[in-house]
Structures are given as C-alpha cells and as structure tokens.
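Structural overview for review
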Amino acid sequence: MLKILKYSFFDLIRSRWSYVYLAFYLLLGFVLLFLNNDLSKAVITLMNVIIILVPLIGTIFGVMYYYSSKEFTELLLAQPIKRSSIFIGQYLGVALSLVMSLVIGLGLPFILYGLFESAAIWDFSLLLVTGAMLTLIFTALAFNIALYNENKIKGFSYAILLWLFLAVIYDGLFLLSLILFEEYPLDKFTLIATVFNPIDLSRILILLKLDISALLGYTGAIFNQFFGTSLGLISALGMLTLWVILPVWNIKSKAQKKDF
Amino acid sequence: MIKIENLHKKYGKNKILTGVDLEIPEKGIFAILGPNGSGKTTMIKSILGMVVPEKGKVFINGKETHPNGLYRKNLDYLPQIANFPGNLGVKELIKMIKDLRGTKANEDELIELFGLQGYLDKKLNNLSGGTKQKVNLVLAFMFDSPIIILDEPTSGLDPVAMLNLKRLIAKEKAKGKTILVTSHIMSFVEEISDEIVFLLEGKIYFKGSIQELREKTGEIDLEHAIAHILTENNA
Ligand SMILES: Nc1ncnc2c1ncn2[C@@H]1O[C@H](COP(=O)(O)OP(=O)(O)O)[C@@H](O)[C@H]1O
Ligand SMILES: [Mg+2]
C-alpha cells in the first residue's frame, strides 16, 4: 500500500493544481493577516473559509483523481497487489497531498507572523486538524461516489451536489424545519442533524474551542448545553473521526466487489 | 495448471458465463476461441480475479485462488486493451511496474526485440496503437512467471512484430510454461496452439486439439470449422 500511496502522492504533488491550491492558501493566509492585523481574528475568518472550501477541494480532487487514474488502477489490478491496498493507497495519496498543501499554505504565513509566540496557536492548530479531517472525509466521500459511478460526468455531478447539499442546502433545510416545528422540543433533532453533517460538526468544534458563544448559533448552543465545552470538543472530534472511518471502510468493501 | 469449476458471471441481467468447467494442464499453449462477446475476456479476468464471479472456483496449481490476489505473482497477463497512464513515459512505466512487482525482469531484451529503444522517453499518450501494444507485450513478458495469459496479443501488430511475438511465445513454451491465449486470427491460433477451447453461450462448447475439431466438424481449416459450429448453433 505504501508504494501505491507514494506513486499517487508524487503524481499529485507534481501536478499544476497542487501548486495552485498551495498558492491560494499562502495568499489567503497573508491577506487575512494583513487585513485583520490580529492572529485570533484571522483564525475566525479562516474558519469560515476552510469549512466551505476544504470540502469542495477534497471532493473535486477526489473524483478527478479517481477517474483520471483509471488506467493506472487497471494496471495495478493485474499485479499481485491487494485491492484494498490499491484503493486505500490512492485515496491516502490524494488526501495527504491536499492536507500537506493546506498545512504548508496556511502554516507558513502564520508562523512568519509570530504564531509560536501567540496564544492563538492552539486555536490555529485545531483549525488545521479540522481542515485535515474535512479533507480526509470529503476525499473519501468522493472516492465512494466515483466507485459507484462508471460514468465520469454523473460521478462528478453527484459529488458536487453532495458538497452543495452539506455546505449550503443542509443549513437552509435545518432552519426551515426549526421554523416549521417551532412548538416542538427540537434539542434532540438538532443534535442529530448536526452529527449527520461533518461541516456543521467542524464549525461547532472550532467555535467551542474559540469559546465565542455569540457565534455558536442555535445548533452550537444546543451542542454546548448538551455536552459542555470539553466533552463537546471531544465528541465532535470523535464524530468527525467516525466520518472518516466509515467512508474509508466502504471504499474498501465496495472495491472488493467491483468488476474491472 | 489452471482449473475452473462451475464459473458463473453476469453483468446486471446480462448472463455471460453460465457454468464453465475447464481444466488446463501444465505446459503448452491453449487457445480460447469464441465469437465476439462470448465472454473470453470475462473468463480470463475471472482467473485473474479482476472480475468477481457470482459462483464458481478457480484453482492455480491445485490451490484455490485467494481474493487478495497475491497469487497473481505466478501469472503474467496481457490485457486486451492497452490502457496506460498517458502522462508517463515508457521507461517510467516499466520501472514502476517492476518496482510494484518487486521481482527481476528482462525488459531490455524485449525492448530490443520489439524495436522500442527509440520510444523509451516518449509519453504513452503519444504512441500509436501498435507501439502501445508492443509496450503491453514487454510488460507481460518481462517477468518470468510459470503461467502467461494473453488476451488478443496480435491486435495492431505489424508482420515483423507478429513474427517476433510467435518466436517469443515458442521460446516461453520451450521453457515449460503454460500459455493461455485468445485471438481472432485463425492462422495464428492454428500455428501456435496445442489445444483449443471454444466458448459458446456461456459454456465450453468444445475442448480438444485442432485435429479433433476438424474431425468433429468435417472441415479442413480452422476458420471453416469455427464457422460450421456457429451456423449449426444458429439454425
Ligand atoms: N464491465 C462490464 N460491464 C458490463 N458488461 C460487460 C463488462 N465487461 C464485458 N461486458 C459484456 O460482456 C460480454 C462479454 O464480453 P467479453 O468477455 O469482453 O467478450 P469477448 O472477450 O469474448 O469478446 C459483452 O457483451 C460485453 O459487452
Ligand atoms: Mg475479449
């Protein structure tokens, strides 16, 4: 598996898009720090960008890599290599190269700005961890979609729709249901709705850590109330981990049953 | 030795193999014949574990094949369609496959045999179909495995390459290997194979020597014998 990971990883970091992605984060980091002139404020703005953008990039790179490496995959399938090694290796190759761009791209400007002497270092680290988790989650979801869809256009559309749903539509539907079912107790419903959306989970995770109740919103407040801050942090992180494990496990099991 | 037991495979509702039983003894060249879409490639891919059958077992050298596919280290395979990562160079590709397989290979000899020296640094995207097929052949023959499976090895080859391929196959046979081959070129099949298997409507319709097929159908050459079987089954 490590060999496959290595080939996919280097294949990707040689590609133009990885540099574009890296350059984007470098630019974003510097611009935010320049505009905010304050590390903690920059972290909050960054959060809002990361929880929307990182899933989108993970989704796009995930499907794109799966389809464009079809030939490579076919070649590997005829070799004495386990299927799980082939697909998990490729998945990790994509996800880790994206995580690397994220960490270097954002880390560099913040370090230059004096992150290590700042109190914001833990908040910032959590932000990067969350970004990494979201990358792992959405790349895995994208791989799943691609595995189920031979047709590239279809796979690509479903992946984008999934992102759109979780990043934008989900919150809208959620708010709508809060208004519609006003008179019912909605705590449990809210809690469950949050767990089923990794983007919401990430937002709450970071806001709990930043301890800004004004920004938590309804879902965050419920979450906070139910778990308390530290347990809330741990459970949100745990659920995000589950969001990584389940799709990766499904990549493995679907790949085992597929004809090539 | 390869043994297939009661192999069933369908894609969706489309039943391709409906109970294939086949035993291929060690040493020699076995041709799998059958009309287009009769499931030759599907059968080969089932042996390799690239296609997952609904039912049936495959044994290689007496041992049932494991889903982890590690038994493929005893198999060399030439896919019907030479699909390669287009942005790689020929040399890079060969090196990568060698590295992944982790065994030694005699690619230089084969590169020379097929006259590929001038293409080593070219990207696979920029090669003609025939040249790609030669690269495909190098990849299939460069490891010294006891079993070789060739799916349409002749496609796109010029006469010189075709002659070289025949020599290569004869050489491997002389080493005592088992070679499984499909082809639409009947003169090629007639020339090289020791035994043929005819796949029809999801089952093995005939297995035996070319001589036996001639006697069974009363036709002199292989092409007519095959045509005979097909028209008889349509009537
Ligand atoms: N992955 C697949 N999905 C659906 N149908 C397939 C797939 N692979 C092959 N087929 C169909 O199965 C039939 C047998 O194909 P194949 O084994 O390639 O035949 P042959 O090699 O004898 O020409 C064909 O009708 C083909 O269209
Ligand atoms: Mg075929």
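Residues numbered from 1 in each chain as written. Chains lettered and ligands numbered in written order. Predicted model: local features only at pLDDT ≥ 70, side-chain atom pairs only at ≥ 80, totals over all residues. Heavy atoms only, no water.

**Focus on the overall build of chain A**
This is how it is decided: Numbering of helices and strands runs from the N terminus; a helix is a DSSP stretch of H or I covering at least four residues, while a strand is a stretch of E covering at least two. Only C-alpha atoms enter the radius of gyration; for comparison, a globular chain is expected to reach 2.2 Å times N to the power 0.38, where N is the number of residues. Whether a residue is buried, partly exposed or exposed follows from its accessible area with a 1.4 Å probe, protein chains only, as a fraction of its type maximum: under 20%, in between, or over 50%, in that order.
Scanning chain A from terminus to terminus reveals 11 helices and 0 strands. Start at the N end of chain A and walk to the C end: the helices and strands fall as α-α-α-α-α-α-α-α-α-α-α. In terms of overall size, chain A behaves like a compact globule, its C-alpha atoms giving a radius of gyration of 19 Å where 260 residues would be expected to give roughly 18 Å. The principal-axis extent of the C-alpha atoms belonging to chain A is close to 55 × 50 × 30 Å. Looking at chain A as a whole, 53% of its 260 residues are labelled buried.

**Digging into the confidence of the model for chain B**
Quick reminder of the rule: pLDDT: the predictor's confidence for each residue, scored from 0 to 100.
Averaged over all residues, the pLDDT of chain B is 92; the fraction at 70 or higher stands at 100%. The ipTM value of the predicted complex is 0.88, and its pTM value is 0.91.

**Brief notes about the site of ligand 1**
Residue and element names in this part refer to chain B. As a reminder, the rule being used: A single heavy atom is enough: if one lies within 4 Å of a molecule or strand, its residue is considered near that molecule or strand. Pairing of N or O atoms within 3.5 Å defines a polar contact, subject to two protein rules: one partner must be a possible hydrogen donor and the other a possible acceptor, and residues neighboring in sequence count only if both atoms are side-chain atoms. Residue exposure ignores everything except the shown protein chains as possible cover, and the areas themselves are Shrake-Rupley values with a 1.4 Å probe. Polar here means any residue other than Ala, Val, Leu, Ile, Met, Phe, Trp, Tyr, Cys and Pro, which are nonpolar, and Asp, Glu, Lys and Arg, which are charged; Gly is therefore polar.
Surveying the vicinity of ligand 1 reveals the residues Tyr11, Ile16, Pro35, Asn36, Gly37, Ser38, Gly39, Lys40, Thr41 and Thr42. Gly39 has a polar backbone atom sitting 3.0 Å from an oxygen atom of ligand 1. The contact in question runs from an oxygen atom of ligand 1 to an N or O atom on the side chain of Thr41, over 2.7 Å. When ligand 1 sits alone it has 560 Å² of accessible area, and the protein chains cover 59% of it. When residues of the shell around ligand 1 are assigned to their parent elements, the largest contribution, 3 residues, is made by helix 1 (residues 40–48). Here the shell around ligand 1 is composed, by residue class, of 3 nonpolar, 6 polar and 1 charged.

**Focus: the UniProt feature "transmembrane region" (unreviewed entry) in chain A**
Residues and elements named next belong to chain A. Spelled out, the test is: UniProt positions are given in the numbering used here, feature names are shortened, and annotations may be inferred rather than shown by experiment.
UniProt's feature table lists "transmembrane region" (unreviewed entry) at residues 20–36, 42–67, 88–112, 124–148, 160–181 and 226–249, given in the numbering used throughout. From the first C-alpha to the last, residues 20–36 spans 24 Å; its make-up is 100% helix and 0% strand. Annotation note: span residues 88–112, helix share 100%, strand share 0%, distance between end C-alpha atoms 35 Å.

**So, the UniProt feature "domain: ABC transporter" (unreviewed entry) in chain B**
When the UniProt feature table is mapped to this numbering, "domain: ABC transporter" (unreviewed entry) covers residues 2–226 of chain B. Annotated as 34% helix and 27% strand, the span residues 2–226 of chain B places its first and last C-alpha atoms 24 Å apart.

**A look at the pairing of strand 2 (residues 14–24) of chain B**
Residues and elements named next belong to chain B. This is how the line gets drawn: Whether two strands pair depends on DSSP finding at least two bridges between them.
Both strand 1 (residues 2–11) and strand 2 contribute to a ladder of 8 bridges, which runs antiparallel. Counterpart to Leu7 in the pairing with strand 2 is Val20. Connecting the antiparallel pair strand 1 and strand 2 is a turn made up of 2 residues, with Gly12 showing a positive phi of about 60°.

**A look at the nonpolar core**
The tendency in soluble globular proteins is for nonpolar side chains to be buried as a group. Stated formally: Put simply, a nonpolar core is a bunch of buried Ala, Val, Leu, Ile, Met, Phe, Trp, Tyr and Cys residues held in one set by side-chain atoms that sit within 4.5 Å of each other. The criterion used for residue contact is that any of the two residues' heavy atoms lie within 4.5 Å.
Within the largest apolar cluster, 164 residues are counted, with the highest numbers of intra-cluster contacts made by Leu93 and Phe141 of chain B. The leading source of residues in this core is helix 6 (residues 121–148) of chain A, at 16 residues. Apart from residues lying up to four places away in sequence, Leu93 of chain B is in contact with Leu75 of chain A together with Phe84, Pro85, Leu88, Leu124, Val135 and Leu139 of chain B.

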